[in-house]
Amino acid sequence: MSLRWSVHLDHNDDGRFDEAGEDLSQAVLAIRWRRGMGRPHDSVAQPGQAEITLRNRDGRYSPERGALAQGRLLQVRSHDGAQSRVHFTGHVARVEAQAGALGSRRALLIARDASAQLAGHHIRLPPLNALRADEIIERCLDAVPLRRGRLRGTWLLGQAGQGELGRNTGLAPLNIGRQLGRDSDRLARAGDSWATGIPALAAIAEVCAAVRGRFHIDHEGRAVYLSRHQLLLQVAAQAGFRDDMQDLRYSWADERVSQVEVLLTPRRRGQPGVVWTLGQALAIDARQDDAQQVLLRYRDATGQPCGALDLIAPLAGRDWQANSRPDGRGRDLTGNLTLLLREAGISAALLEIRNSGRTTAWLQAGAQLRGTPLYSGDPLLVTQRSLGSENRFGPAALRLDLPALDSLDQARSLARFELARRQTPRGHVHSLGLSGADRVARALARRLFDRIRIEEAQTGHRDDYFIIGEEVEVTPEAGARLTWRLESAHSPFWLLGRGQLNRDALLAW
């Protein structure tokens, strides 16, 4: 089977790769990419990365000489003679061009998927009550100014050629495509423990872990969320491998557990009152065209960090005062200041302060913000234990620290779920490697979280797995090599028409 690889770069930001010069394949010397989960049962995928080695003798891929700019959209594709497939989509993060006219004159083009941007941008959320995990994840994605895959024809502030009336005044598309599966569980609260903000990817990971869901960026660059029940319903293998792997890493019983412990954090609403107080006078310069922003971290009456609900915009005279001197012994300048509650998050607030006067005004110590505190209690530990597994095979504990979870019923459900699928010793294939154009070409149709069947005669192992990660390397010397990271798809849970309930199958939670 013939197999051809291609790399495409969207020079003109139109979201397509069909313009002249956007196919870089003639200059490509090597292609490498990796994406997906780092380990079985991870909640979110690690940021995906592609590395493209280019021939750069004429300097066109040196950013200061050519048109190769950071942020451009890149795709890696394959063609097997009958079908073209996309395998990686990301934005150019950096270029490492080798210097010197007598050297190898190559350039290394490094692109990363949207997870890298999610990992680098801190977010805070407004209060979210009783929302599903997919709804919270959608709000996390909305809070990040992700680099769009298409900018041509859209309006960009201050950018020449991007603001002409009637031509480039459309709004940019959604910051990222999404395939977010609907979850059944709802979380009472989310985000109150994020202090002044946490990376968006960490926020999504916290939410996914609380309901045992999975999040990743797919080959087309879309954000994908899978609830734990979606994978349970995927029962048919989409490909099979039987003693035709070049590399297979196998172990026995290393994922067995006899006890699952779930840590959850209960919440409690307090009485309305003060949730933030200014400790010392703050100088606000007289700049009418500029506003000063202050990030407020809520604290309760004892000074301990807390969340907050139902914030009240601060009122002049009641909640704050301003003066010409920090000690309050000068002229009253309260009328010169405007305080705007720009962001009322559940973990912190963003206060915008503007001085319309001609002199510096001091916001006086004791300025306050009122609201309803949300207290976090001491963590509760929920335990599910299999005495049979422990007595027969020895103790093996798994602890899940889930700060987004505050429901005892949900914690018990998750503990039962994890114990049921891991209490029996089993063999596990952790990774599978394929090399050679024919073998790799047959595997390229598979995507993350596809289900595959593996049979291996030496170990006698036979079971189904989900593909949770992939690494591919294409070089002239070694050809194509693919490695999949795998997670067991074995499920003891009952599905209608498959198995007999309470005899060879259990109810899922």
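What counts, and where the lines are drawn
- Residues numbered from 1 in each chain as written.
- Predicted model: local features only at pLDDT ≥ 70, side-chain atom pairs only at ≥ 80, totals over all residues.
- Heavy atoms only, no water.
- Helix = DSSP H or I, 4+ residues; strand = E, 2+ residues; numbered from the N terminus.
- Buried < 20%, exposed > 50% of the residue type's maximum accessible area, 1.4 Å probe, protein only.
- Contact = heavy atoms within 4.5 Å.
- Areas by Shrake-Rupley, 256 points an atom, 1.4 Å probe, with all protein chains shown as cover.
- Lys, Arg positive; Asp, Glu negative; His and termini not counted.
- Charge placed at Lys NZ, Arg CZ, Asp CG, Glu CD.
- Pairing = 2+ DSSP bridges.
- pLDDT = per-residue confidence, 0-100.
- Patch = residues over 30% accessible without salt bridge, like charges linked within 9 Å, V, L, I, M, F, W, Y side chains within 5 Å.
- Salt bridge = Lys/Arg side-chain N within 4 Å of Asp/Glu carboxyl O.
- 1 Å grid on protein atoms, 1.4 Å probe; cavity = no way out; pocket = protein on both sides within 12 Å on 5 of 7 lines; lining within 4 Å.
- Points joined across faces, edges and corners; volume = space filled by probe spheres on them.
- Disulfide = S-S within 2.5 Å.
- Axes fitted to C-alpha atoms, helices over the stretch in contact; angles between N-to-C directions.
- Core = buried A, V, L, I, M, F, W, Y, C linked by side-chain atoms within 4.5 Å.
- Polar contact = N/O pair within 3.5 Å; in protein donor to acceptor, adjacent residues only side chain to side chain.
- Expected span 1.5 Å × (residues − 1).

### Remarks on the overall build of the protein
Across its full length, the protein carries 7 helices and 32 strands. Along the longest, intermediate and shortest principal axes, the C-alpha atoms of the protein span 85 × 70 × 45 Å. In the protein, buried positions account for 49% of the 509 residues. Partitioning the contacts of the protein with sequence separation of at least 6, the portion at a separation of at least 24 is 72%. When the accessible surface of the protein is totalled, it reaches about 24,400 Å², and 46% of it is carbon and sulfur. Of the charged side chains in the protein, 69 are positive and 59 negative, and the gap between their average positions amounts to 1 Å.

### A few points about the pairing of strand β23 (residues 337-344)
Here β23 runs beside strand β24 (residues 348-355); their pairing, made up of 7 bridges, is antiparallel. Bridge pairing in β24 links leucine 339 to isoleucine 353.

### As for the confidence of the model for the protein
Here the protein shows a mean pLDDT of 89. Residues at 70 or above account for 91%. In the model of the protein, helix α7 (residues 437-443) stands out as the element of lowest mean pLDDT, 87, in contrast to strand β12 (residues 214-217), which has the highest, 98.

### Quick word on a positive patch on the surface
Judged by side-chain charge, Arg55, Arg57, Arg105 and Arg106 come together as a positively charged surface patch. Checked against the element boundaries, arginine 106 lands in strand β6 (residues 106-112).

### Quick word on empty space enclosed by the protein
Enumeration according to the criterion identifies 2 cavities of 30 Å³ or more in this entry. Estimates place the volume of the largest cavity at around 300 Å³. Lining the largest cavity are 24 residues; nearest its centre among them are His41, Arg421, Glu487, Ser488 and His490. Sorting the residues of the lining of the largest cavity by element identifies α4 (228-232), α6 (408-422) and β32 (479-488) as the ones contributing at least two each. Here the second largest cavity defines a volume of roughly 40 Å³.

### Topic: the environment of isoleucine 312
By secondary structure assignment, the location of isoleucine 312 is in strand β21 (residues 307-312). By relative accessible area, isoleucine 312 is classed as partly exposed at 37%. Along the chain, isoleucine 312 and arginine 370 lie 58 residues apart, while their C-alpha atoms are 5.6 Å from each other. Discounting residues that sit within four places of it in the chain, isoleucine 312 has contacts with Leu369 and Arg370.

### Comments concerning unusual backbone geometry
For alanine 195, which is not glycine, the phi torsion reads 50 degrees and is therefore positive. As for its position among the elements, alanine 195 is in the loop between β10 (186-187) and β11 (198-199).

### Side note on the state of the cysteines
Considering all chains together, one arrives at 0 disulfides under this definition. With no disulfide partner, cysteine 140 has as its closest neighbouring cysteine sulfur the one in cysteine 208, 9.0 Å distant. Of the residues examined, cysteine 140 reaches a relative accessible area of 0% and is grouped as buried.

### A few points about the sheet that holds strand β27 (residues 380-385)
Taken in spatial order, the 3 strands line up as β27-β16-β28 in an open sheet, and their pairing is mixed. Single-partner strands in this sheet number two, and they are β27 and β28 (397-401). Direction aside, neighbouring strands of the sheet carry axes that sit 15 degrees apart on average. Note that strand β16 (residues 259-264) and β28 share 5 bridges and pair parallel. In the sheet register, valine 260 faces β28, and the bridge partner there is leucine 398. On the sheet, α6 packs against β16, β27 and β28 and is oriented at approximately 35 degrees with respect to β27.

### Digging into the pairing of strand β3 (residues 46-55)
Of the strand pairs in this sheet, strand β2 (residues 28-36) and β3 are connected by 7 bridges, and their pairing is antiparallel. The partner of tryptophan 33 across the bridge, within β3, is alanine 50.

### A few points about the nonpolar core
Membership of the largest hydrophobic core comes to 49 residues, with the highest contact counts inside it found for Trp5, Ile31, Ile52, Leu74, Val76, Trp484 and Leu486. With 6 residues, strand β31 (residues 461-475) is the single largest residue contributor to this core. Dropping the residues within four chain positions of it, valine 76 is found in contact with Trp5, Ser6, Val7, Ile31, Trp33, Ile52, Arg85, Val86, His87 and Phe88. The next biggest cluster of nonpolar side chains, apart from the first, holds 46 residues, and it includes Leu131, Val144, Ala203 and Phe215.

### Looking at the side chain of threonine 334
Its location among the elements puts threonine 334 in the loop between β22 (322-323) and β23. Polar side-chain contacts of threonine 334 include one of 2.7 Å to the side chain of aspartate 332. Discounting residues that sit within four places of it in the chain, threonine 334 has contacts with Ala316, Gly317, Trp320, Gln321 and Ala322.

### A closer look at the side chain of arginine 451
Here arginine 451 shows up in strand β30 (residues 451-456). What makes arginine 451 buried here is its relative accessible area of 11%. Engagement of the side chain of arginine 451 in a polar contact is seen with the side chain of aspartate 464, the distance being 2.9 Å. Those residues in contact with arginine 451 that lie beyond four places of it in its chain are Gln234, Val235, Ala236, Ala237, Gln238, Ala239, Asp464, Tyr465, Phe466 and Ala489.

### Topic: α6
Every α-helical turn comprises 3.6 residues, leaving residues that sit three or four positions apart pointing alike. Taking 1.5 Å of rise per residue, the 15 residues of α6 would be expected to cover 21 Å, and the 21 Å separating its terminal C-alpha atoms lies within 8% of that figure. Every buried residue of α6 is accounted for by Gln410, Ala411, Ser413, Leu414, Ala415, Phe417, Glu418, Leu419, Ala420 and Arg422. Elements in contact with the buried residues of α6: β10, α3 (200-211), α4, β16, β27 and β28. Between a side-chain oxygen at the N-terminus of α6 and the backbone nitrogen of aspartate 409 the separation is 3.4 Å; the capping residue is serine 407.

### With respect to the pattern of salt bridges
Side chains that differ in charge, positive against negative, can pair when their charged atoms come close. Under the defined criterion, the tally for this structure stands at 38 salt bridges. Ionic pairing is found between arginine 178 and aspartate 142, a salt bridge with its closest N-O pair at 2.8 Å. On the criterion of sequence distance, the pair formed by arginine 178 in strand β9 (residues 178-180) and aspartate 142 in helix α2 (residues 133-142) is long-range, its members being 36 residues apart. Exposure remark for arginine 178: the relative accessible area of 17% places this residue in the buried category. With a closest N to O distance of 2.9 Å, arginine 451 and aspartate 464 form a salt bridge. Placement of the pair is arginine 451 in strand β30 and aspartate 464 in strand β31, with a sequence separation of 13 residues. Each member of the pair, arginine 451 as well as aspartate 464, carries the same accessibility label: buried. Taken together, the shared-partner salt bridges in this structure form one network comprising Arg132, Asp134, Glu135 and Arg186.

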